[in-house]
Structure formats: structure tokens, C-alpha cells
Amino acid sequence: MYNTLINLPEQSPDALLADKACDADAIPGDFKQRGIRPVIPPKSDRIATIRYNKRLYRQRNCIERVLGHLKINRAIATRYDQLADSFLGMLFLASARYWIKFVHAA
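Residues numbered from 1 in each chain as written. Predicted model: local features only at pLDDT ≥ 70, side-chain atom pairs only at ≥ 80, totals over all residues. Heavy atoms only, no water.

**Re the packing of aromatic side chains**
Link 1 in the chain: Summed over the entire model, instances satisfying the criterion amount to one aromatic pair.
Link 2 in the chain: A ring pair is formed by Y52 and Y57, whose centres lie 6.0 Å apart and whose planes are at 85°; its orientation type is edge-to-face.
Link 3 in the chain: The exposure class assigned to Y52 is partly exposed, which follows from its relative accessible area of 26%. (Phe/Tyr/Trp six-rings, centres within 6.5 Å; stacked < 30°, edge-to-face > 60°. Buried < 20%, exposed > 50% of the residue type's maximum accessible area, 1.4 Å probe, protein only.)

As C-alpha cells, then:
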């Protein structure tokens, strides 16, 4: 899956945030060749310490929480929609429902 995602024809990112599961020697080395800064915390059993941007990694938590809230909707969690446009529409509806709760409460 890594090779499929990294070779997408879109613009390459400045940094890539990943969890400890992606802490393999080959992945950060590949990022550096592509000019992408890896933001991956080291596993606890790693002998050599690896530096990473902790402030940037904390932003990943915000993204994970939003995705968790969106997955409350069953259609998004199980992805019933066959077409990408239908799924994107469902994401928009779920995002609007999530946003309205905060606007209405304020």
C-alpha cells in the first residue's frame, strides 16, 4: 500500500506524518530521496534515536479525531458508496452535520 500511495501523481508533500508502525529504515530513507520530510516517532525498541518534529506530529492527532467523528456515520465507516463522488458527497454531509452541532451550540 505504501508504494501505491507514495507514487500518486499529485504534488509531493513537504512532510508526511505517520505513526510508529511506519518506523522502518527503508521508509524514511525513501522520503529523503523524494525530498519529503518524515515525521514519524521512533518505536520504543529502536536502538538509534530518530529526531522528528513533535509539534507537527501533534497536529496528526487533530486529523485522527476528526476522522473518528466522521466514522460515526455508518455509511462512511463501512463505505457503502461504490463511486468516489457519492462517497465524497457523504463526507460533505457528515462534515456538515458535525459542524452544525458546534455552530448551533454557540
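**Things to note about helix 3 (residues 54-70)**
Link 1 in the chain: The terminal C-alpha atoms of helix 3, which comprises 17 residues, lie 25 Å apart, in line with the 24 Å expected from a rise of 1.5 Å per residue.
Link 2 in the chain: Among the residues of helix 3, L56, R60 and L70 are the ones counted as buried. Looking straight down helix 3, one finds that the buried residues subtend no more than 75° of arc, so they occupy a single side. The exposed set on the far side of helix 3, more than 90 degrees from its buried face, consists of K54, R55 and R58.
Link 3 in the chain: Where helix 3 begins, the capping side chain belongs to N53, and its oxygen is found 3.2 Å from the backbone nitrogen of R55. (Helix = DSSP H or I, 4+ residues; strand = E, 2+ residues; numbered from the N terminus. Expected span 1.5 Å × (residues − 1). Arc of directions from axis to C-beta. Polar contact = N/O pair within 3.5 Å; in protein donor to acceptor, adjacent residues only side chain to side chain.)

**So, the pattern of salt bridges**
Link 1 in the chain: Within the structure shown, the criterion is met by three salt bridges.
Link 2 in the chain: Beyond isolated ion pairs, a larger network of salt bridges with shared partners links D19, R60 and E64. (Salt bridge = Lys/Arg side-chain N within 4 Å of Asp/Glu carboxyl O.)

**Focus: the environment of P42**
Link 1 in the chain: Examined against the element boundaries, P42 turns out to sit in the loop between strand 2 (37-39) and helix 3.
Link 2 in the chain: Along the backbone, P42 and F87 are 45 residues apart, and their C-alpha atoms lie at a distance of 34 Å.
Link 3 in the chain: In this structure, P42 is in contact with K20, D23, I50 and Y52, ignoring residues within four places of it in sequence. (Contact = heavy atoms within 4.5 Å.)

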